[in-house]
Amino acid sequence: MAVLKVKFTKTKRDKLAQILWILNWVSVVSGIILFSLGLFLKIEIKKRNEVMAKGDINSVPNMLISVGVIACIINFLGGKICYDCSDANKFSRWKLVMLPYIVCTFCFTFCILVGALMCYTMRNELEESLYLGLRDAIKFYKDTDIPGRCFLKKTVDLLQIGFHCCGNNGFRDWFEIQWVSARYLNMASKEVLDRLKSNVDGKFLVDGVPFSCCNPSSPRPCIQYQLTNNSAHYNYDFLTEELNIWVKGCREALLDYYTAIMRSIGIAALLIWLFELSVLIGVRYLQTAMKNVLLLGDLEGESDGWLLENSFVETAKYNINIIKNLGKANQISTVSGMNDPNIDVQDTNCGKTNVTTKSIPAAR
């Protein structure tokens, strides 16, 4: 029994073809939107590529870009097919193409759904990439004279100022590394030497942060150094007072920023998927209705259209049997007693075993 069977008159078939022609051109625009969203996400990721570890974080934008390009091509072809389907004579040249086209379009719409879901499952990979990238960027913050790292100080400072953040997980990350270059340390100072000697690795560690961690909205001058020393500042208690530096870590700030972007892109991709799926359903109805018109032979009469010719279970069993029988068409039957391919070849002697041959008379 056909699934969701609908009866179409000549007028309804023509209107359906015209509507689908318009919707396919709208789908071309949706493909351009998908391409643009993927390109935008790729550019945004590349902007902070210096504070991200290498990984599969580009898989989502690459997926959206690819799907967007394919959408433009498929829907352009679909518009041409639907336009010709308004004429039964023109439909005949697309008759063998439409079913493979519908199958390919179904796979393509599934890819859109996968791309939309990937926008929501990318958070863990992105968080790990940001954690490792920011850790290395902060670690090499002081290496302003080393090629390949000299740009990291500017990158981290602009990041902390732009996203109102400090450190990787928080401002205390700066307490655990030497972020002041050795060229700016006064080695004649007893305080500097004592700090270097007090550290096992000989690093100059301070309870301070770079200037880019300062909050310009703070009512008091920025306190960058001795953040945990109450006696170093007037009327100051680091445990109770609201610090005048950014408290949020840059990993959390960037993760929130990219999560908001991907959430919006995911919603847009889901809406485009629903739209493409509705167009595909319409194309399927048009294909079956036009096919049945040709079978009936009455181009002006009514015809049935459906999503599936048989039930879901029967269609699934049919397709599974096709997959199972792939490659078996050219195999030799191995039924018992039929192993020899020449088993049915008849004997040329017709069952006579003792046939005497006449001797050829000798020439005289």
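The rules we used
Residues numbered from 1 in each chain as written. Predicted model: local features only at pLDDT ≥ 70, side-chain atom pairs only at ≥ 80, totals over all residues. Heavy atoms only, no water. UniProt positions renumbered as here; feature names shortened; annotations may be inferred. Helix = DSSP H or I, 4+ residues; strand = E, 2+ residues; numbered from the N terminus. Core = buried A, V, L, I, M, F, W, Y, C linked by side-chain atoms within 4.5 Å. Buried < 20%, exposed > 50% of the residue type's maximum accessible area, 1.4 Å probe, protein only. Domains from an automatic or database assignment. Contact = heavy atoms within 4.5 Å. Axes fitted to C-alpha atoms, helices over the stretch in contact; angles between N-to-C directions. Parallel < 35°, antiparallel > 145°, perpendicular 65-115°, else oblique. Left-handed = near helix turned anticlockwise from the far one by under 90°. Disulfide = S-S within 2.5 Å. Salt bridge = Lys/Arg side-chain N within 4 Å of Asp/Glu carboxyl O. Polar contact = N/O pair within 3.5 Å; in protein donor to acceptor, adjacent residues only side chain to side chain. Lys, Arg positive; Asp, Glu negative; His and termini not counted. Phe/Tyr/Trp six-rings, centres within 6.5 Å; stacked < 30°, edge-to-face > 60°. Lys NZ or Arg CZ within 6 Å of the ring centre and 35° of its normal.

## Here's the deal with the UniProt feature "transmembrane region" (unreviewed entry) in the protein chain
Step number 1: Under the UniProt annotation, "transmembrane region" (unreviewed entry) lies at residues 20–40, 60–78, 98–120 and 265–286.
Step number 2: Taken end to end, residues 20–40 comprises 100% helix and 0% strand; its first and last C-alpha atoms sit 30 Å apart.
Step number 3: Taken end to end, residues 60–78 is 100% helix and 0% strand, and its first and last C-alpha atoms sit 26 Å apart.

## Some details on the nonpolar core
Note on soluble globular proteins: their nonpolar side chains tend to be buried together.
Step number 1: Of all hydrophobic cores here, the largest spans 79 residues; its most connected members are W174 and V209.
Step number 2: Mapped by element, the contributors of at least two residues to this core are α1 (10–47), α2 (59–84), α4 (95–121), α5 (123–139), α6 (152–163), α7 (190–198) and α8 (250–296).
Step number 3: Among the elements that make up this core, the one with the highest residue count is α8 (18 residues).
Step number 4: For this core, the two domains that each supply at least three residues are domain 1 (3–139 + 252–317) and domain 2 (171–247).
Step number 5: If we skip the residues at most four places from it in the chain, V209 touches C166, F171, W174, F175, W179, Q224, L227 and I245.

## Some remarks on the packing of α4 against α8
Step number 1: As a packed pair, α4 and α8 sit with axes 9 Å apart at the nearest point and diverge in direction by 165°. By the angle between their axes, α4 is roughly antiparallel relative to α8. The crossing of α4 and α8 is left-handed.

## Focus: the state of the cysteines
Step number 1: Tallied over the full model, the rule gives three disulfides.
Step number 2: Residue C214 pairs covalently with C222 via a disulfide, S to S 1.8 Å. Measuring the twist about the S-S bond at about -75°, one finds the C214-C222 disulfide to be left-handed.
Step number 3: Indicated for the protein chain is the disulfide connectivity 1-6, 2-3, 4-5, based on numbering the bonded cysteines in sequence order.
Step number 4: Free of any disulfide, C107 has its nearest cysteine sulfur in C104, 6.5 Å distant.

## Structural notes on the pattern of salt bridges
Step number 1: Within the structure shown, the criterion is met by 11 salt bridges.
Step number 2: Two residues, R135 and D136, come together in a salt bridge whose shortest N-O distance is 3.6 Å.
Step number 3: R135 sits in the partly exposed class, given a relative accessible area of 43%.
Step number 4: Residue class for D136 comes out partly exposed when judged on its relative accessible area of 32%.
Step number 5: For K142, the salt bridge is made with D143, and the minimal N-O distance between the two is 3.7 Å.
Step number 6: Look at K142 and you get partly exposed, because its relative accessible area is 25%.
Step number 7: One salt-bridge network, in which partners are shared between bridges, spans E44, K47 and R48.

## Side note on the environment of R220
Step number 1: Relative to the assigned elements, R220 resides in the loop between α7 and α8.
Step number 2: For the pair R220 and N244, spaced 24 residues apart in sequence, the C-alpha separation works out to 7.5 Å.
Step number 3: At 3.4 Å, the side chain of R220 and the backbone oxygen of N235 are in polar contact.

## Looking at the side chain of E276
Step number 1: For E276, the location among the structural elements is in helix α8.
Step number 2: Of the side chains with opposite charge, R284 comes closest to the buried, unpaired E276, at an N-O distance of 16 Å.
Step number 3: A polar atom in the side chain of E276 sits 3.1 Å from the side chain of N75.
Step number 4: If we skip the residues at most four places from it in the chain, E276 touches S27, S30, N75, F108, T109 and I112.

## Some points on the packing of aromatic side chains
Step number 1: By the definition in use, this model includes nine aromatic pairs.
Step number 2: Between F163 and Y257 the ring centres are 5.3 Å apart and the planes differ by 80°, which places this aromatic pair in the edge-to-face class. You can see F163 sitting in helix α6 and its partner Y257 sitting in helix α8, a full 94 residues away along the chain.
Step number 3: A relative accessible area of 27% places Y257 in the partly exposed class.
Step number 4: Plain terms: the ring middles of F171 and F175 are 5.9 Å apart, the flat faces sit at 75° to each other, and that makes the pair edge-to-face.
Step number 5: What makes F175 buried here is its relative accessible area of 16%.
Step number 6: Across from the ring centre of F140, 3.8 Å away, lies the NZ or CZ of R149, which sits over that ring.

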